[in-house]
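The primary structure of each chain is shown beneath.
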Amino acid sequence: LSKIDNINFVYKPHTRNPRVDVDKKLLDNCYNAELIPSMMLSKWADVGIVFGSSIGFQLLIDDVTIVVPSFVHTNSTIYEKYDVAITATNKEELSDYLLKSPIELSSRIDPQKIDHFIKRIIYGNQSYHGMMTSYVNEIINH
């Protein structure tokens, strides 16, 4: 992917295990965003490749299309379960998706499913304000 001309491949190691053995030579043309806050990456990204990480929540909130490379692991993700991501079943399919414009790619997902996912799963069937109020009340009361 990093060798495709129109892709600026940025990766962020998982925050709980950033030192997983990775062949650094494979990442020579990639930018390691280990020190960049995930929220900033989400604002900058056109597309996110997600393996089930919670960064996908932020990407969806920021209206960034998620691609799940199902060929990398056998686990299913919440993004696939709620049909809010595009699933790539092999490397060629992943490359093909990433060569499409962000608008063309996002048109493959029903925005109502994403809205439902954000409201139900992320905000617990509340508005953002309601969810944050509940969060603050829990902190104050405990």
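For the structure, check the block above.
Residues numbered from 1 in each chain as written. Predicted model: local features only at pLDDT ≥ 70, side-chain atom pairs only at ≥ 80, totals over all residues. Heavy atoms only, no water.

## Some words on the overall build of the protein
No. 1: Each helix and strand counted, the protein has 7 helices and 5 strands in total.
No. 2: The buried share of the protein, taken over its 142 residues, is 30%.
No. 3: Long-range pairs, those at least 24 residues apart, make up 39% of the contacts in the protein between residues at least 6 apart in sequence.
No. 4: Carbon and sulfur atoms make up 53% of the accessible area of the protein, which totals about 9,800 Å². (Helix = DSSP H or I, 4+ residues; strand = E, 2+ residues; numbered from the N terminus. Buried < 20%, exposed > 50% of the residue type's maximum accessible area, 1.4 Å probe, protein only. Contact = heavy atoms within 4.5 Å. Areas by Shrake-Rupley, 256 points an atom, 1.4 Å probe, with all protein chains shown as cover.)

## Some details on the pattern of salt bridges
No. 1: All told, the structure shown has 3 salt bridges when counted by the stated rule.
No. 2: Two residues, Lys 43 and Asp 62, come together in a salt bridge whose shortest N-O distance is 3.2 Å. Within this pair, whereas Lys 43 is found in helix H1 (residues 38-44), its partner Asp 62 is found in the loop between helix H2 (55-61) and strand S4 (65-69), the two being separated by 19 residues in sequence.
No. 3: Close ionic contact of Glu 104 with Lys 100 constitutes a salt bridge, the shortest N to O distance being 4.0 Å. (Salt bridge = Lys/Arg side-chain N within 4 Å of Asp/Glu carboxyl O.)

## What to know about unusual backbone geometry
No. 1: A positive phi is found at Asp 63, a non-glycine position, where the angle reads about 65°.
No. 2: Following the sequence through the fold, Asp 63 ends up in the loop between H2 and S4.
No. 3: Here Asp 63 falls in the exposed class, since its relative accessible area comes to 67%.

## Quick word on the layout of surface pockets
Any empty space left between the atoms is revealed when a probe the size of a water molecule rolls over them.
No. 1: Estimated volume of the second largest pocket: approximately 190 Å³.
No. 2: Along its surface, the second largest pocket is lined by Leu 60, Asp 63, Val 64, Thr 65, Ser 106, Ser 107, Ile 109, Pro 111, Ile 114, Asp 115 and Ile 118.
No. 3: If you tally residues by element for the lining of the second largest pocket, the top one is helix H6 (residues 111-122), at 4 residues.
No. 4: Tallied by class, the residues present in the lining of the second largest pocket amount to 6 nonpolar, 3 polar and 2 charged. (1 Å grid on protein atoms, 1.4 Å probe; cavity = no way out; pocket = protein on both sides within 12 Å on 5 of 7 lines; lining within 4 Å. Points joined across faces, edges and corners; volume = space filled by probe spheres on them. Nonpolar A, V, L, I, M, F, W, Y, C, P; charged D, E, K, R; others polar.)

## Quick word on the packing of aromatic side chains
No. 1: Tallying each qualifying case throughout the model produces 5 aromatic pairs.
No. 2: Ring geometry for Phe 57 versus Phe 117: centroids 6.0 Å apart, planes at 45°, classification tilted. Note that Phe 57 is positioned in helix H2 and Phe 117 in helix H6, a separation of 60 residues in sequence.
No. 3: A relative accessible area of 27% means that Phe 57 is categorised as partly exposed.
No. 4: Judged by centre distance (6.1 Å) and plane angle (50°), the ring pair of Tyr 79 and Phe 117 falls under tilted. Residue Tyr 79 is found in helix H3 (residues 78-81), and its partner Phe 117 is found in helix H6; the two are separated by 38 residues along the sequence. Like Phe 117, Tyr 79 is buried.
No. 5: Here the aromatic cluster, defined as three or more aromatic residues joined through ring pairs, consists of Phe 57, Tyr 79, Tyr 82 and Phe 117. (Phe/Tyr/Trp six-rings, centres within 6.5 Å; stacked < 30°, edge-to-face > 60°.)

## Describing the sheet that holds strand S5 (residues 86-88)
No. 1: Judged by pairing direction, the sheet is parallel, and its 3 strands sit side by side in the order S3-S4-S5 without closing on themselves. Pairing within the sheet leaves two strands with one partner each, and these edge strands are strand S3 (47-49) and S5. Taking the axes of each pair of neighbouring strands and ignoring which way they run, one obtains an average angle of 30° across the sheet.
No. 2: When S3 meets S4, the two strands line up parallel, connected through 3 bridges. Bridge pairing links Ile 49 to Val 67 in S4. (Pairing = 2+ DSSP bridges. Axes fitted to C-alpha atoms, helices over the stretch in contact; angles between N-to-C directions.)

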